[in-house]
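Structural characterization, general
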Amino acid sequence: MKKNIFLAAGLLFSMSAQAQILDIIKSAVKDKTGVDLNVPVKNNGTATSPTTTGQSNHSSANLGNLTSTQISSGLKEALSMGVTDGVKKLAVTDGFFKNEAVKILMPEKLRKIDTTLRSIGMGSLADEGVKLLNRAAEDAVTEAAPIFTNAITSMTITDAKNILLGSNNAATNYLQGKTQTQLFNAFQPKVKASLGKVGADTLWKNLISKYNTFTGQSVTTDLNEYVTTETINGVFKMVADKESGIRNTPAMRTTSILQKVFGAQDGK
C-alpha cells in the first residue's frame, strides 16, 4: 500500500513538473514571437493568407469607388472605340482580304467548286471569287458602323461589374449575344447591295451554274447570308482585340473614363 502511495505521489510530482516546464516554454514563445499558445487555433489550424485577403479587399475597394453608370460608360466607350477602329481598318481595300484574322474564305458548300476549278487549271478564277467576297465585306462594313454604335449606346448592362471583371472579351461577347440577330437583319441588305456593286453575285452565279452543268450536281448557297455573317464576325473580332488591349495595356486607355474604370480592374 505504501509503495502505491509513493508511486502516485511521484507521478503527480512528475506531471506537475512537466506542466511547469510547458508553461515556461509557452511564456518564452510568447515573449519572443507574440504568439499565445494558450489560444486555440481556429479553422483547423489553417491560417488566412494576408496577401490574398489584402488583394480581395483592394479589388473590392477599387470597384467600390465606381458607380454602375461609370462602369457601364467605360465598357461602352471601349466597345465604341473597338467598332470605330475596327471599321476604319476593315473598310479599305484589302481590309478583309489581307487580314488573316478576318479574311472571308470560300463557303464550305462551295469548296468542291474551288477544288474542281483548281484541278482544271482555273485556280485564278477561284481566287477572284474569294477576293470579291472580301471586297463586298470591305464595301459594306462602312455602312454598318452606325448599326453597331446604336447597339452599343442603347444596351443596358445590369451585370456591369461581372463583365468588367470577366474575360478579356467579356464585354464584346455580351454585346454580340445581345445584338447578333438585330445586326444581321439590319446589315444583310447592305451586304446584298455590296455583292452586286463589286460584281461578286454575278461571278458566283456563273461559277455555280457552270459547276452544276459540268458535274450534274445541284450546288446552291446563300452568299448574302454567308458574307453578312462573316462580315459581322470580322467586326466583332476587331472589337474583341481592342477590348483586350484596353484591359491589358494601360497606354491604350486614352480617355479619363477608360483609365478610371479599367485602372480599377487591374486590382482584381
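Sequence positions are assigned chain by chain, starting from 1 and proceeding in written order. Side-chain atom pairs in this predicted model are given and counted only at pLDDT of 80 or more, local residue features only at pLDDT of at least 70, and totals for whole chains, interfaces and linings cover all residues. Hydrogens and waters are ignored; side-chain quantities use all the structure's heavy atoms.

A few points about the packing of aromatic side chains
Between rings of Phe, Tyr and Trp, where Trp is taken as its six-membered ring, a pair exists when centres lie within 6.5 Å; planes separated by under 30 degrees are stacked, by over 60 edge-to-face, and by other angles tilted. Tallied over the full model, the rule gives one aromatic pair. Note on F148 and F236: the rings are 5.6 Å apart at their centroids and 80° apart in plane angle, and the pair reads as edge-to-face. Of the two residues, F148 is situated in helix α5 (residues 123-154) and F236 in helix α9 (residues 223-248); the sequence distance between them amounts to 88 residues. Exposure classes here rest on a 1.4 Å probe applied to the protein chains alone. A residue is buried below 20% of its type maximum, exposed above 50%, and partly exposed in between. Overall, F236 belongs to the buried group, its relative accessible area being 3%. Positioned over the ring face of F97 is K103, at 4.7 Å from the centre of the ring. A helix here means a DSSP run of H or I that spans at least four residues, while a strand means a run of E at least two residues long, and both kinds are numbered starting from the N terminus. Charge-over-ring contacts are defined here by two conditions on Lys NZ or Arg CZ: a distance within 6 Å of the ring centre and an angle within 35 degrees of the ring normal.

Here's the deal with the environment of I208
Along the chain, the position of I208 falls in helix α8 (residues 200-215). You can call I208 buried: its relative accessible area is 13%. Considering only alpha carbons, one finds I208 and T221, 13 residues apart in sequence, at a separation of 9.1 Å.

Focus: the packing of α5 against helix α7 (residues 170-198)
Where α5 contacts α7, the two axes come as close as 8 Å, and the packing angle between them is 140°. Judged on the interaxial angle alone, α7 and α5 are oblique. Pair α5 / α7 crosses with right-handed handedness. Helix axes are fitted to C-alpha atoms over the stretch in contact, other axes to C-alpha atoms as well, and angles between N-to-C directions run from 0 to 180 degrees. When an angle is under 35 degrees it counts as roughly parallel; over 145 it counts as roughly antiparallel; between 65 and 115 it counts as roughly perpendicular; any other value is oblique. Crossing handedness is defined as follows: a turn of the near helix away from the far one that is anticlockwise and smaller than a right angle gives a left-handed crossing, while the clockwise case is right-handed.

As for the pattern of salt bridges
Should a side-chain nitrogen of Lys or Arg be within 4 Å of a carboxyl oxygen of Asp or Glu, the pair is scored as a salt bridge. Tallying each qualifying case throughout the model produces 10 salt bridges. Across the pair K98 and D94 runs a salt bridge whose closest N-O atoms are separated by 3.7 Å. One salt bridge connects D127 with R118, and the closest N-O pair in it is separated by 2.5 Å. With a relative accessible area of 39%, R118 lands in the partly exposed category. Through salt bridges that share partners, D94, K98, R135 and E138 make up one connected network.

Description of α9
Compared with the 38 Å implied by 1.5 Å per residue over 26 residues, the 37 Å span of α9 between its first and last C-alpha is a close match. Extensive coverage of α9 is indicated by the burial of 19 of its 26 residues. One less than the number of residues in a helix, times 1.5 Å, gives the span that helix is expected to have.

Quick look at the packing of helix α3 (residues 68-90) against α5
Orientation of α3 relative to α5, taken along the N-to-C sense of each, is 175°, at an axis distance of 9 Å. Compared by their axis directions, α3 and α5 come out roughly antiparallel. The residues of α5 that touch α3, namely those facing K76, L79, S80, V83, V87 and L90, are E138, V141, T142, A145, F148, I152 and T153. Amino acids outside the nonpolar list (Ala, Val, Leu, Ile, Met, Phe, Trp, Tyr, Cys, Pro) and the charged list (Asp, Glu, Lys, Arg) are all regarded as polar, and Gly is one of them. Residue composition of the contact of α3 with α5, by class: eight nonpolar, three polar and two charged. Only heavy atoms matter for contacts: two residues are in contact if any of them lie within 4.5 Å across the pair.

Remarks on the side chain of T228
With respect to the secondary-structure elements, T228 resides in helix α9. With relative accessibility at 0%, the residue T228 sits in the buried group. Any pair of nitrogen or oxygen atoms within 3.5 Å is treated as a polar contact; in protein, a donor-acceptor pairing is required on top of that, and neighbouring residues in sequence qualify only through side-chain atoms on both sides. Of note is the side chain of T228, whose polar atom sits 2.7 Å from the backbone oxygen of N224. Contacts of T228, omitting those with residues within four sequence positions, involve F184, F187, Q188 and V191.

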